[in-house]
Structure formats: C-alpha cells, structure tokens
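Structure at a glance
Below, each chain spelled out in residue letters.
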Amino acid sequence: MNGIFPILATPFDEKGQIDFEDLEREVEWMINVGVNGIGIAVASEIYKLTDPERDEVLSSVVKQVNGRVPVIMNTGAMGTDVTVYYSQRAEELGANALMIRPPSFIAMPAGEVVEFFARVGESVGIPIFQQDQATAQVPPAMAIEIARRHENLCYIKVETAPTVPRMAETAALRDAATDAGGDLILFGGAGGTFLFEELRRGSVGTMPGSVIPDVFVNVWERWQDGDEEGAEAEFRRYGALIRTLKQPQGLDNWIYKEILVRRGIFKSAHARHPAVKPDRFQIYELEQMLDELELEEPEA
Amino acid sequence: MVDRSMRGIFPVLAMPFDADGNIVVEDLQREVDWIAGHGIPGVAIALGSEVYKLSDEERAFVLKTVVDAAKGRLKVVMNTGHEGTGVSIEYAKSAQDLGASALMIRPPSFAQLSGSEVTKYFVAIAEAIDIPIFMQDVVGSQVPPPLAVQLAKAHENLCYIKVEVAPSVPRFADLVARTGASGLIPFGGSGGQFLLEEARRGSQGSMPWAVIPDVYARVWDDFQSGNEVDAEIQYRRYAALNRTIAQGMGAAMWVNDWILIRRGVFQETSQPRQPAPRPDDQTRKELDAMLEELDLIGK
C-alpha cells in the first residue's frame, strides 16, 4: 500500500444519527478522484461510535468500495483483548488493514506496548499500521522492535510532532535493520501538513482528512511523475486551509464537514458531542478560503 | 497610570548567537533597527528569543542592548517569568529599571498550581512594579479566560494577556465575551498562525516571530483599515512558511536564524544555543524554495 489514504468523515444528521447515504456518496467521491485507499479512524469520530455502529460503518464502506481500494479500520482500544476483538471483527467484516495506537489512558512501559502489538498482530491475517501520536507514541526504535515481532506489524503512521525529523529517524533505523525490522513501511498523517517533506524522508503515503482528496491525489500524482517543484508549489496554496483543519477539540470535525456540505457531499456538518463548534466567523473565514481556492465541483 | 496603549505587531526577537554560543551584539542591533524600520510599534524578548538559555547577566545585557537600539522607536516587552515568586519579582524590577515598557509572565509550571496560587503569584509581581504585565496563557501553563478576567480585576498592571492555548480562535472569543469591565487587552501569539482570525475576535495585537515583521505589519494594518479580504488573501501566502517555523521550539530557532540570514539581518554563521535539535540540510533547501517563491531573499 502507498499513496493517498484519506480518513473518512462520518456524516451525522442533526440528531447525531449516521447518514449512510452521505457516507456512500463520500466513498464514491474518494474513489472517483483516484485515492489509493480509505481509512476509518480518529478523524471519523470512531471513538464516539457504539460497537454496533462501528460495524455498520465499516460494512457500509466495504460494500461501497467493493474491492476497488483497500479499506483501513482503526481498532485500537485501551486493553489488548478488546483490541484483538475489534481487530478480528474488522477483518471478518472485510477490512484490508488495521490501524492501532498504543493504549494511552494508563501510560505503559515499552515492553508492554511491544507485547500489546505482538498479541494483536498474531490474532489477525491482515497488516497493521502502528500509529505514533503525541499522546500515544511509538518512538522510532520501538517501531522497529514491534515490526520484528510479527510480519503483520509492517506499517507505521508517524504523527508525533515534529514529524519531519521523526520520519527521517524511523526510516534510518529501518534501513539499518537487517531483519524483519527492515520491512517497516512508513506513512505520514497529521492532516498531510508535511506531505512532501515526509515523502522526501522515507514516507510512501499519507492519511489526510477527506475534504480535499482531489488536491492530494493531484499533487501526489505530479510528484510520482517527477514534478516535485510543481507539486509542492501547488500544495502550498492549501497551507492556510490545512492549518484551519488542524484546530483540535472537535473544531476539526465540524470544519471538515462544513467543507463537505459546501462541496455537495454531505447534507449536514454535525459533529457528535463533545466537540467545540465553530462560530459564524469561522464559517465566513472558511468560505473566503474556499472561494479563493476554487475547488472543483465533485462529479455526480 | 499604567500604559494601556500597546496595540499591533510586537515581534519576538530572534537571538543571534555565533558558533560558540556568544551573543552577536551587532546582529541584535541590526535586527531591532530593521524591525523599527518597518514602522512596528514594539518588540518582545521572550521564549522565542531563547531567554531561558541566558544567564541573568546576559538577560540584563540583551534588554539594555535592545532598549538602546530601539532609541525610543519601539516599546520593549521583557519576559521575566520564573518558577518562584521571589526570583520573578527580582527579574521584573530589574527589567523595569533597564527600560522595559512591559513584562510578559506565564504561571509557574514545574509544580502545577491552583487558580488562587496563580493569582497570588501575579498580584505579588504586579505590586512590585509600575509597568504593565502580559499574562501568558500557554499549553503548559494556562491562564484560562475566567482566571484571566479575575486577575485583570485584581491589579491594574495585569491588563494584557497573550492567548496561546490551542485552539486559540474559540479561546479568544470566549475570553473577549467575558472581559466586560475588567479592561483586559488580549494579544495573540502562537507564531501568528491565526493572526487575522484572532483579530476578528477582539485580539488587539500579536507577538509573532521576528522573521517576517514586514508581512505581519502590512496585513495587520490592512485588516485594521477595513481591507479584510485582501489582508487575508495576502496572509494565506505565508501559511506554508508559518507551518515550517511551527515545528517545535528547537526547529523554530534554527529556521528563524536561517530566514534572518537569507534576509540579510543575521550573519552567515548564526545558530541557536544548545539544546536545539537542528533540522536536516534538506529542510534548509525546502525553506529556501519557499523564501524564493515569496520573494524574501535579501530583503
């Protein structure tokens, strides 16, 4: 797997119920613009879904995708057994890969985290993205150690800031490894903010939000064709928008969906509670940015 | 009467060091002069100036150098926060004596304190001096909006706040809605990432980095004179650069030096004091490409 793997926003109606019609439209749009894969993860507000809802969302996405691109499901939980349960369930429902961050509610020593990943890795037959985030870190040396424990543990998404030197360090350790640790495949995340800086340092893809998949695919393809300078100059135009998408505490979820409403994908921008809601100025500011960027109308 | 007139862009000075870690006085003077030349109202000597890596003697020397180089053209804000109230008061008095126009102080953070202890800390410092204080609301040591308003009411010197806890945009809105008659004057920081969004929510100024003071001043003035849309379109062009600076304090120190070298303000060998993780050489190439696109080389 490599390339652009947007994380879906989960569409909710005003009452907070999942809107499966919008979810299907979102998936179809992703595939139409040429994404390389699709993720259901933290940015999908997965931690605000009940267990039956998790299953319904994954099943709906798998059905709509219909084998055209890989689907990644985030199955991390605070306990190893629950994580194994979520992971096996996701595999049964058709996920092509999993994404898992270390338990973080009670911070664990490195040995326990490695063992956590090893047990989950053994329990399934699909690959796992280790997720390295500020509040649940997989430092470079630990990532290599985890990769050695099972062949399924062969991807990592590096999101601990600053990601640029972290990606470089993880890649260097990987390249120095002469065993299974050397098979680790690196992805970026963190909203795709440092897409090109990360690609240059060993990443082979990224998992941005789902609001400008067309832009990400376009610059990724130009990069693949050797047009580094053009791809980067084009991508910089979206710097202010990407910054706006990175406001934490639920503002990000609302803002993703305000954009998806304006792009004709979603009917409602509702984010599940708790989530800080943008004020009317923030909507105005967003519209100004979108106006300037002249994003293309999604094809029906 | 305490000085309540400060508004607008107050860049946080980058500190020029040579390869041995010595302060390069001429570069510091040139930086101050360059900023004053852009018609900017003030500067700050703060965390972005690596003030926490200076000896007490150096702190005094730097402040004196900046006040002298400003020649009355710029207000000078000095960060005098310390983990202990006593030392903080000493720093504050010394900065006042050396000509600081205002101080900037964050709550002690090594041992977390309750709101009433934070209040005692700030009031004790405020009572010891005659210049205003910017209370600093940062992730590791927060001054939440209700506490900020309470502090502003507790002493007239506690009349400014720099809001930097993310997401800063709703935090501004919340703070301004509570300010009422307390007279608190809010500034933004966080490298100026949300400069204009904050202005729209009542921010009266900002303390961004010192590397593009001309840009900040231009868009700030444009915005204040009613050209909001133009100001924002202009400012958005710098988002990728701002993002590159905002990769943590260590990287920011290097990137800022590299920009000031390219703009002709710092000498070629300028570098931050240790510890400061140095971004790789590739980062410098990426930075140069951005500076070239933005037409900032040699200016």
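In this text the structure is predicted, and so the values were computed from the model without any measurement. (Residues numbered from 1 in each chain as written. Chains lettered and ligands numbered in written order. Predicted model: local features only at pLDDT ≥ 70, side-chain atom pairs only at ≥ 80, totals over all residues.)

With that out of the way, let us pick up the overall build of chain A. Helix and strand counts for chain A stand at 12 helices and 8 strands. Here the C-alpha atoms of chain A give a radius of gyration of 18 Å, agreeing with the 19 Å that 2.2 N^0.38 yields for 300 residues. By principal-axis analysis of the C-alpha atoms, chain A measures approximately 50 × 45 × 35 Å. The 300 residues of chain A split such that 50% are buried. Relative to all contacts within chain A whose residues are 6 or more apart in sequence, the contacts with residues 24 or more apart total 73%. (Helix = DSSP H or I, 4+ residues; strand = E, 2+ residues; numbered from the N terminus. Rg over C-alpha atoms; globule rule 2.2 N^0.38 Å. Buried ≥ 20, exposed ≤ 12 C-beta atoms within 10 Å, placed from the backbone. Contact = placed C-beta atoms within 7 Å.)

The next thing to look at is the overall build of chain B. Within chain B, the regular secondary structure consists of 12 helices and 8 strands. Against the globule reference of 19 Å for 299 residues, chain B gives a C-alpha radius of gyration of 18 Å, in line with a compact fold. By principal-axis analysis of the C-alpha atoms, chain B measures approximately 50 × 45 × 35 Å. Across the 299 residues in chain B, those meeting the buried criterion constitute 50%. Taking all contacts inside chain B whose residues are at least 6 apart in sequence as the whole, residues at least 24 apart take part in 72%.

What follows concerns helix α2 (residues 56-70) of chain B. All names here are of chain B. Under the 1.5 Å per step criterion, the end-to-end length of α2 is 21 Å for 15 residues, consistent within 8% with the ideal 21 Å. Restricting attention to buried positions, one finds in α2 the residues R59, V62, L63, V66, V67, A69 and A70. Taken down its axis, α2 places every buried residue within 170° of arc, on the same side. Exposed and oriented more than 90 degrees from the buried face of α2 are E57 and D68. Taken together, the buried residues of α2 touch α1 (25-37), β2 (42-45), β3 (75-79) and α3 (85-97). Taken from the residues just after α2, K71 is the one with a positive phi, measuring 45°. (Expected span 1.5 Å × (residues − 1). Arc of directions from axis to C-beta.)

A few words now on the environment of V43(B). Residue and element names in this part refer to chain B. Its location among the elements puts V43 in strand β2. In sequence terms V43 and P145 are 102 residues apart; their C-alpha atoms lie 25 Å from each other. Dropping the residues within four chain positions of it, V43 is found in contact with F10, P11, L13, V32, I35, V66, L74 and V76.

Time to look at unusual backbone geometry. Glycine aside, residues mostly have negative phi, and peptide bonds are mostly found in the trans state. With an omega of -10°, the peptide bond running from A161(A) to P162(A) counts as cis. In this structure, P162(A) sits in the loop between β6 (155-158) and α6 (163-176). Cis geometry is found at the peptide bond from A166(B) to P167(B), where omega equals -5°. By the element assignment, P167(B) lies in the loop between β6 (160-163) and α6 (168-179). Of note, the phi angle at E50(B) is positive, near 55°, even though the residue is not glycine. Looking at the secondary structure, you find E50(B) in the loop between β2 and α2. Since 19 C-beta atoms lie within 10 Å of it, E50(B) is described here as partly exposed.

Moving on: the pairing of β6(B). Looking along a regular strand, one sees side chains alternate from face to face of the sheet. All names here are of chain B. Covered by surrounding structure in β6 are Y160 and K162 together with I161 and V163, the residues of both alternating faces. Inspection of the sheet shows strand β5 (residues 133-137) paired to β6 by 4 bridges, in the parallel sense. Counterpart to M135 in the pairing with β6 is I161. Viewed along the sheet, the connection from β5 through helix α5 (residues 145-154) into β6 turns out right-handed. Relative to strand β7 (residues 185-188), β6 is paired through 4 bridges, and the arrangement is parallel. Paired with V163 across the two strands is G188, which belongs to β7. Remark: the β6/α6/β7 crossover connection has right-handed handedness. (Pairing = 2+ DSSP bridges. Right-handed = clockwise from strand over helix to strand, strands pointing away.)

Taken together, the contact pairs 24 residues of chain A with 26 residues of chain B. Secondary-structure elements contributing two or more residues to the side of chain A that touches chain B are α6, α7 (195-200), α9 (228-236), α10 (239-245) and α12 (280-293) of chain A. Considering each element in turn, the side of chain A that touches chain B owes the most residues, 5 residues, to α12(A). Here the side of chain A that touches chain B is built from residues that sort into 11 nonpolar, 6 polar and 7 charged. (Nonpolar A, V, L, I, M, F, W, Y, C, P; charged D, E, K, R; others polar.)

A word on the packing of helix α5 (residues 140-149) of chain A against α6(A). All names here are of chain A. Between α5 and α6, the shortest axis-to-axis distance is 9 Å and the interhelical angle comes to 40°. Considering their axes alone, α5 and α6 lie oblique with respect to each other. As for how α5 packs across α6, the hand of that crossing is right-handed. Between α5 and α6, the contacting residues are P140, A141, A143 and I144 on the first element and R166, E169, T170, L173 and R174 on the second. When its residues are assigned to classes, the contact of α5 with α6 shows 5 nonpolar, 1 polar and 3 charged. (Axes fitted to C-alpha atoms, helices over the stretch in contact; angles between N-to-C directions. Parallel < 35°, antiparallel > 145°, perpendicular 65-115°, else oblique. Left-handed = near helix turned anticlockwise from the far one by under 90°.)

Our next topic: the confidence of the model for chain B. Chain-level pLDDT for chain B is 96 on average; 100% of the residues reach the 70-or-more range. The complex prediction reports pTM at 0.93, with the ipTM value standing at 0.89. (pLDDT = per-residue confidence, 0-100.)

Before going further, it helps to spend a moment on the pairing of β5(B). Residue and element names in this part refer to chain B. In terms of burial, β5 is a largely internal element, 5 of the 5 residues being buried. Neither face of β5 is exposed, since I133, M135 and D137 on one face and F134 and Q136 on the opposite face are all buried. Across 3 bridges, strand β4 (residues 102-105) lies against β5 in parallel orientation. Along β5, the bridge assignment pairs I105 with M135. As a crossover connection, the stretch from β4 through helix α4 (residues 115-127) into β5 is right-handed.

This brings us to the nonpolar core. By size, the foremost hydrophobic cluster in this structure holds 180 residues, and its most contacted members are L98(A), V66(B) and L103(B). The contact partners of L98(A), leaving out residues within four places of it in the chain, are I72(A), M73(A), T75(A), S87(A), A90(A), V124(A), I126(A), I128(A) and F129(A). (Core = buried A, V, L, I, M, F, W, Y, C linked by C-beta atoms within 7 Å.)

Further remarks concern helix α9 (residues 228-236) of chain B. Looking only at α9(B), the buried set comprises A231(B), E232(B), Y235(B) and R236(B). Relative to the axis of α9(B), the buried residues are bounded by an arc of 130° and lie together on one face. Buried positions along α9(B) lie against α10 and α12 of chain A together with α7 (195-200), α8 (213-224) and α10 (239-245) of chain B.

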